Amino acid sequence: MIDLHCHLDLFPNPGKVANEAAARGMYILSVTTTPSAWSGTNRLLRDYKKIKPALGLHPEIAHERLHELELFDSLLCKTDYVGEIGLDGSTRFKKTSKSQKKAFDHILRQCENAGGKILSIHSRNAAASVIDSLETRNGSGLPVLHWFSGNSTDLKRAIRIGCWFSVGPKMLSSKKGCSIIKEIPIDRIITETDSPFTREGNLPLYPWSVEQAEIQLSRLWGIPHREVRAILLTNFRNLVAFKAATYPSYSY
Ligand code: MN
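What comes next is a walk through the structure. (Residues numbered from 1 in each chain as written. Predicted model: local features only at pLDDT ≥ 70, side-chain atom pairs only at ≥ 80, totals over all residues. Heavy atoms only, no water.)

Observations concerning the coordination of the manganese ion
What counts, and what does not: With water excluded from the atoms, a metal site may look incomplete; its donors are any N, O or S atoms within 2.8 Å, or within 3.2 Å for Na, K and Ca. Working definition: helices are DSSP H or I runs of at least four residues, strands are E runs of at least two. Numbering for both runs from the N terminus. Only protein chains enter the accessibility calculation, which uses a 1.4 Å probe. A residue is then buried if its area is under 20% of the maximum for its type, exposed if over 50%, and partly exposed in between.
Of the protein atoms, only H5 (NE2), H7 (NE2), E84 (OE) and D194 (OD) coordinate the manganese ion, at distances of 2.2 to 2.3 Å. Expressed as a motif, the donor residue spacing for the manganese ion is H-x1-H-x76-E-x109-D. Highlighted residues: H5 in strand β1 (residues 2–6) and E84 in strand β4 (residues 81–86), separated in sequence by 79 residues. Here the two residues H5 and E84 agree in accessibility, since each one is buried.

Side note on the sheet that holds strand β2 (residues 27–30)
Basically, it comes down to this: Paired strands are those between which DSSP finds at least two bridges. Axis angles are defined between N-to-C directions and span 0 to 180 degrees, where every axis is a line fitted to C-alpha atoms and, for a helix, only to the segment in contact.
Pairing in this open sheet of three strands is parallel, and the strands run β1-β2-β3 from one edge to the other. One side of each edge strand has no neighbouring strand; the edge strands of this open sheet are β1 and β3 (51–53). Recorded for the sheet is a direction-independent mean angle of 10 degrees between the axes of neighbouring strands. Note that β1 and β2 share three bridges and pair parallel. Note on β2: the bridge partner recorded for C6 is S30.

Looking at the side chain of S120
Our working rule: Two N or O atoms count as a polar contact when they lie within 3.5 Å, although within protein this holds only if one can serve as hydrogen donor and the other as acceptor, and sequence-adjacent residues are included solely when both atoms are side-chain atoms. Between two residues, a contact is recorded if the distance between any of their heavy atoms is within 4.5 Å.
Locating S120 in the fold gives a position in strand β5 (residues 117–122). At 2.8 Å, the side chain of S120 forms a polar contact with the side chain of H5. Non-local contacts of S120, meaning those with residues more than four positions away in its chain, are made with L4, H5, V31, V82, G83, E84, I85, V144 and H146.

Comments concerning empty space enclosed by the protein
To keep it simple, the criterion reads: Using a grid of 1 Å spacing that covers the protein atoms alone, one calls a set of points a cavity when a 1.4 Å probe fits there but cannot get out, and a pocket when the set is open and has protein on both sides within 12 Å along at least five of seven lines; lining residues are those with an atom within 4 Å of a point. Grid points are joined across faces, edges and corners, and a volume is the space filled by probe spheres set on the points. Gly falls in the polar group here, along with every residue not listed as nonpolar (Ala, Val, Leu, Ile, Met, Phe, Trp, Tyr, Cys, Pro) or charged (Asp, Glu, Lys, Arg).
In total, this model carries two cavities of 30 Å³ or more according to the counting rule given. Of the volumes computed, that of the largest cavity is approximately 40 Å³. As for the largest cavity, its lining consists of W147, G168, P169, K170, M171, E192, T193, T198 and L205. Taken together, the residues of the lining of the largest cavity sort by class into four nonpolar, three polar and two charged. As a volume, the second largest cavity reaches approximately 30 Å³. For the second largest cavity, the full set of lining residues is L57, P59, A62, I85, G86, Q100, A103, F104 and I107. Those elements that place two or more of their residues in the lining of the second largest cavity are β4 and α4 (97–113). Take the lining of the second largest cavity: its biggest share by element is four residues, from α4. Among the residues making up the lining of the second largest cavity, the classes are represented as seven nonpolar, two polar and no charged.

This is how it looks when you write it as structure tokens:
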């Protein structure tokens with residue numbers, strides 16, 4: 001199983017969650033929300049072969065952490081994974097849109113200069129602007145739009161410019177989420193949970209809750225669960241091969 005977007009460092013007991021996920025043989029990309037969170041997360045996950053931390057600056061807090069862009073730049077050469085980054089255009093965060101854009105564009109430019117990274121991207125209420133930025137910096141790497149909720153024009157554009165999509169149980173529980181996923185080529189989809197921020201009813205999701213997403217995809221696509229799991233693993237290997245082609249030393 002694969003969770004391409006969760007926040008292991010924000011669980012009350014990250015080591016325990018990482019151990020349980022590792023025991024299940026999971027592949028995990030643990031995104032961070034600030035550059036200063038990366039080193040500790042990297043240390044925590046050092047011994048897990050299939051769990052990698054990503055270097056990020058979340059759009060919701062970008063305005064408070066612009067001074068950490070320097071740290072971001074200095075850490076970027078240590079990782080092939082960048083996230084959580086992006087833009088948030090919802091009412092609560094609209095007022096920080098300038099800072100968000102400054103951080104996002106800076107990060108994309110740095111990723112382009114570094115030869116491209118795998119990017120986990122937040123685009124809530126800002127899909128068109130995110131895609132504009134990605135189009136401008138088309139050497140920034142392989143963008144994976146996490147929990148995409150844009151309209152069908154944005155979706156078509158995103159697919160056209162080569163975006164991938166990570167989808168979780170929450171997105172797959174909504175009508176709108178399912179109608180988006182139906183339009184995405186099967187070979188561009190990866191599972192995620194966005195845990196620990198997501199809940200199903202009263203229960204918090206964990207990385208292994210991606211199994212729910214697999215079952216939901218199986219229903220949506222009309223493909224047996226076991227085959228869905230195989231497809232997702234192939235997709236994951238293709239995603240990773242994007243970097244392997246650039247860096248022969250790559251190891252997931
Ligand atoms: Mn997230």
